[in-house]
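# Descriptive structure summary
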Amino acid sequence: MSVCDDGNPCTDDVTDYQNACACTHTPKAAGTACSDASNCTSGDACDGAGHCVGAPVGVVPGDVGNTVYIVKWGNNFAAIRWVPIAHADYYQVVRGQLSGLPVGPGGLDEDCIRPAQYGQEGDDLDIPPVGTGVWYLVRGVNACAGPGPWGFQGDHGAPGAPRITSSCP
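Structural notes, computed from the coordinates. Values in this document were obtained by computation on a predicted structure and should not be read as measured data.

## Brief notes about the packing of aromatic side chains
- Inspection of the entire model under this criterion finds two aromatic pairs.
- Look at Trp 82 and Tyr 91: their rings are 5.4 Å apart centre to centre, the planes differ by 55°, and that puts the pair in the tilted class.
- Where Tyr 90 meets Tyr 118, the ring centres are 5.6 Å apart and the plane angle is 45°; that geometry is what we call tilted. Residue Tyr 90 is found in strand 7 (residues 90–97), and its partner Tyr 118 is found in the loop between strand 8 (110–117) and strand 9 (121–124); the two are separated by 28 residues along the sequence.

Have a look at this one:
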């Protein structure tokens, strides 16, 4: 390891011992294989200007749609299930008070009960008091491409405006 090593895989680091150990960092040729240490890129290569770049991978998941349902309602929990969707690495689940409809923008009437739920089912351990009700929204998240939609508000059976909530990160 050179005293001039800058830790950049896309530069050649040279120490000039004749000139007070001066360092130079010359960019490697474009196309030289490297690793940008990200799982969210592929085909990493030097760009000829000293940067390691790769093509982004991952696809934003689509809408979970009307597949969210309660499979069990007990004295102290509710089990929520949904149909898994393509490209989702995990899911986020928001619960809101019926009295706070429509959905969004997030606040005291909405809670992120599952910020990173793996699989297609999650439990709600805080069921509402008798005489009240809640709604649930689920969205898929791709670790590289980001979150999908919370769904869309209906407009006479056709998808309308996207639902927005700031309750899950």
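## Looking at the side chain of Gln 92
- Locating Gln 92 in the fold gives a position in strand 7.
- Judged by its relative accessible area of 3%, Gln 92 falls in the buried class.
- Among the polar contacts made by the side chain of Gln 92, one reaches the main-chain carbonyl oxygen of Pro 115 at a distance of 3.3 Å.
- There is a polar contact of 3.2 Å between the side chain of Gln 92 and the backbone oxygen of Pro 169.

## A closer look at the state of the cysteines
- All told, the structure shown has five disulfides when counted by the stated rule.
- Note that Cys 10 is cross-linked by a disulfide to Cys 46, the S-S spacing being 2.1 Å. Looking along the S-S bond of the Cys 10-Cys 46 disulfide, the torsion reads about -90°, which is the left-handed sense. You can see Cys 10 sitting in the segment before strand 1 (11–16) and its partner Cys 46 sitting in strand 3 (residues 41–46), a full 36 residues away along the chain.
- Each sulfur in the disulfide pair Cys 112 and Cys 168 lies 1.9 Å from the other.

Thresholds applied
- Residues numbered from 1 in each chain as written.
- Predicted model: local features only at pLDDT ≥ 70, side-chain atom pairs only at ≥ 80, totals over all residues.
- Heavy atoms only, no water.
- Phe/Tyr/Trp six-rings, centres within 6.5 Å; stacked < 30°, edge-to-face > 60°.
- Helix = DSSP H or I, 4+ residues; strand = E, 2+ residues; numbered from the N terminus.
- Buried < 20%, exposed > 50% of the residue type's maximum accessible area, 1.4 Å probe, protein only.
- Polar contact = N/O pair within 3.5 Å; in protein donor to acceptor, adjacent residues only side chain to side chain.
- Disulfide = S-S within 2.5 Å.

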